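# Survey of secondary and tertiary structure
Single-letter residue listing:
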Amino acid sequence: MKSEESISPMHKRGIFATLIVAIFITSMSTTVTGNMIPNFTAYFGVSANLAQWLTSGATLVSGIIIPVTAFLIKKVPNKIYFFVAMIAYTLGSLSAFLAQAFPILLVSRLVQAIGCGMMIPFGQVILLNLYPAERHGRVMAAFSMASMVSTVVGPTYAGLMLDSFGWRGVFVSLFVFGIAILIFGSIFMKNVIPKTDADLNVGYVVLSAIGFACLLIGISNISGGSLLRLQSGGLMLIGLIALVVFSRLQLTSKKPMLNLRVFKDSSFRIAIVISICLYLI
């Protein structure tokens, strides 16, 4: 795919650095609340299970948003897409910092997650189109490090900030990072790929959302090792069925929302399995 704008080597380096940092910071934000649960339960007077949804909910929203980005990347100019994603992330961080009630904090985390879900696939697509095929290995190595190492760094970073500034300090620092990324994006970001015609199949979006939501909620509701309940095993089964149907439709559709045919490539499958294992670890 040809670039929409002529991009100088300096701007390429600027776009690369901006996207890698943006991917690292937004991905890291998904896991920062994991070890802050005792702080939230004490401050807001909520249960640990409810506080855990600050992480689970963010993961769920990111999972729902990511499939839609395949459509948005084609329809929305790259610069506008980047700023929408980062503004959502930055405003979510600011709102979380200012939150005086748990529902506001939870909604703020979900807004943050929208920015994260938009940024990860966007960064990968832009980087692959920014550099020639012979450099894709290096580019994807940097992308993978930014997206995966950051999720490990998140709890450690949150712990350090908690000791010094409390839980609000974590969110205000993420807000500052967001502002810095927006500034660098305004300097370097360009429209790397042109807009193309694309249709959004609402049925596919609903089906994928049901699959991800039911699967994650079912896993979150497991207690005492029991899977024989509707709110745990039942929801997980519904989620798996929805995702299987969604995948089948994507493989047979002439205009899929996600091109799952790439999994026919054995190298791609192996890379994905390795990535999943690293995320699980």
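Residues numbered from 1 in each chain as written. Predicted model: local features only at pLDDT ≥ 70, side-chain atom pairs only at ≥ 80, totals over all residues. Heavy atoms only, no water.

## Considerations on the packing of aromatic side chains
- Under the definition given, this model contains twelve aromatic pairs.
- Between the aromatic rings of Y81 and F122, the centroid separation amounts to 4.6 Å while the plane-to-plane angle is 20°, which identifies the pairing as stacked. Note that Y81 is positioned in helix 5 (residues 78-98) and F122 in helix 6 (residues 102-130), a separation of 41 residues in sequence.
- Look at W167 and F171: their rings are 6.1 Å apart centre to centre, the planes differ by 80°, and that puts the pair in the edge-to-face class. Pair noted here: W167 and F171 are both in helix 7 (residues 136-188), with a separation of four residues, about one helical turn.
- Here a set of aromatic residues connected by ring pairs shows up, and it is made of F40, Y43, F44, F102, W167 and F171. (Phe/Tyr/Trp six-rings, centres within 6.5 Å; stacked < 30°, edge-to-face > 60°. Helix = DSSP H or I, 4+ residues; strand = E, 2+ residues; numbered from the N terminus.)

## Overview of the packing of helix 2 (residues 37-44) against helix 7
- At their nearest, the axes of helix 2 and helix 7 sit 11 Å apart, and the two run at 70° to each other. Our classification of the angle between helix 2 and helix 7 gives roughly perpendicular. Each of N39, F40, Y43 and F44 in helix 2 lies in contact with helix 7, whose residues at this interface are L162, W167, R168 and F171.
- Taken together, the residues of the contact of helix 2 with helix 7 break down into six nonpolar, one polar and one charged. (Axes fitted to C-alpha atoms, helices over the stretch in contact; angles between N-to-C directions. Parallel < 35°, antiparallel > 145°, perpendicular 65-115°, else oblique. Contact = heavy atoms within 4.5 Å. Nonpolar A, V, L, I, M, F, W, Y, C, P; charged D, E, K, R; others polar.)

## Describing the side chain of R168
- Mapped onto the elements, R168 comes out in helix 7.
- Buried and unpaired, R168 has no salt bridge, with D163 as the nearest side chain of opposite charge at 16 Å.
- A polar atom in the side chain of R168 sits 2.9 Å from the side chain of Y43. (Buried < 20%, exposed > 50% of the residue type's maximum accessible area, 1.4 Å probe, protein only. Lys, Arg positive; Asp, Glu negative; His and termini not counted. Salt bridge = Lys/Arg side-chain N within 4 Å of Asp/Glu carboxyl O. Polar contact = N/O pair within 3.5 Å; in protein donor to acceptor, adjacent residues only side chain to side chain.)

## Re a nonpolar patch on the surface
- Side chains of V202, V206, I210, L230 and I238 sit close together on the surface and give an oily, nonpolar patch of about 450 Å² of accessible area.
- Elements with a contribution of two residues or more to the nonpolar patch: helix 8 (202-220) and helix 9 (230-252).
- Ranked by residue count, the leading element in the nonpolar patch is helix 8, at three residues.
- By the element assignment, I210 lies in helix 8. (Patch = residues over 30% accessible without salt bridge, like charges linked within 9 Å, V, L, I, M, F, W, Y side chains within 5 Å. Areas by Shrake-Rupley, 256 points an atom, 1.4 Å probe, with all protein chains shown as cover.)

## Focus: helix 5
- Over its 21 residues, helix 5 extends 30 Å from the first C-alpha to the last, a length consistent with the 30 Å expected when each residue adds 1.5 Å.
- Among all positions of helix 5, only N78, Y81, F82, A85, M86, A88, Y89, T90, G92, S93 and A96 are buried.
- The elements touched by buried residues of helix 5 are helix 1 (9-29), helix 4 (53-75), helix 6 and helix 7. (Expected span 1.5 Å × (residues − 1).)

## Some thoughts on the environment of M189
- Take M189: it is sitting in the loop between helix 7 and helix 8.
- For M189, a relative accessible area of 4% corresponds to the buried category.
- Each C-alpha atom of the pair M189 and L19 lies 9.0 Å from the other, and the pair is 170 residues apart in sequence.
- Look past the residues within four positions of M189 in its chain and what remains in contact with it is I15, N78, K79, F82, F122, I126 and F184.

## Observations regarding the environment of A101
- If you trace the backbone, A101 turns up in the loop between helix 5 and helix 6.
- For A101, a relative accessible area of 29% translates into the label partly exposed.
- With 58 residues separating them in the primary sequence, A101 and Y43 have C-alpha atoms 9.3 Å apart.

## Let's talk about the nonpolar core
- Counting 53 residues, the largest nonpolar core has I15, F40, L105, M119 and F122 as its most contacted members.
- Where this core is concerned, the elements lending two or more residues are helix 1, helix 2, helix 4, helix 5, helix 6 and helix 7.
- Looking at this core element by element, the count peaks at 15 residues for helix 7.
- With sequence-adjacent residues up to four places away left out, M119 is seen in contact with L19, A22, I23, T26, F82, A85 and M86.
- Of all hydrophobic cores here, the second largest spans seven residues; its members include V68, L207, A242 and F246. (Core = buried A, V, L, I, M, F, W, Y, C linked by side-chain atoms within 4.5 Å.)

## What to know about the packing of helix 4 against helix 6
- Put simply, helix 4 and helix 6 touch, their axes get as near as 7 Å, and they point 40° apart. The pairing of helix 4 with helix 6 is recorded here as oblique in orientation. For the pair helix 4 and helix 6, the sense of crossing is right-handed.
- Looking at the contact of helix 4 with helix 6 residue by residue, the class counts come to 18 nonpolar, five polar and one charged. (Left-handed = near helix turned anticlockwise from the far one by under 90°.)

## Comments concerning the confidence of the model for the chain
- Of the residues in the chain, 95% have a pLDDT of 70 or more, and the chain-wide mean is 86.
- Model confidence for the chain, summarised as mean pLDDT per element, is weakest for helix 10 (residues 266-280) at 77 and strongest for helix 5 at 95. (pLDDT = per-residue confidence, 0-100.)

## Focus: helix 9
- Under the 1.5 Å per step criterion, the end-to-end length of helix 9 is 31 Å for 23 residues, consistent within 8% with the ideal 33 Å.
- Those residues of helix 9 that fall on the buried side of the exposure criterion are S232, G233, G234, M236, G239, A242, L243, F246 and Q250.
- Of the surrounding secondary structure, the elements contacted by the buried residues of helix 9 are helix 8.

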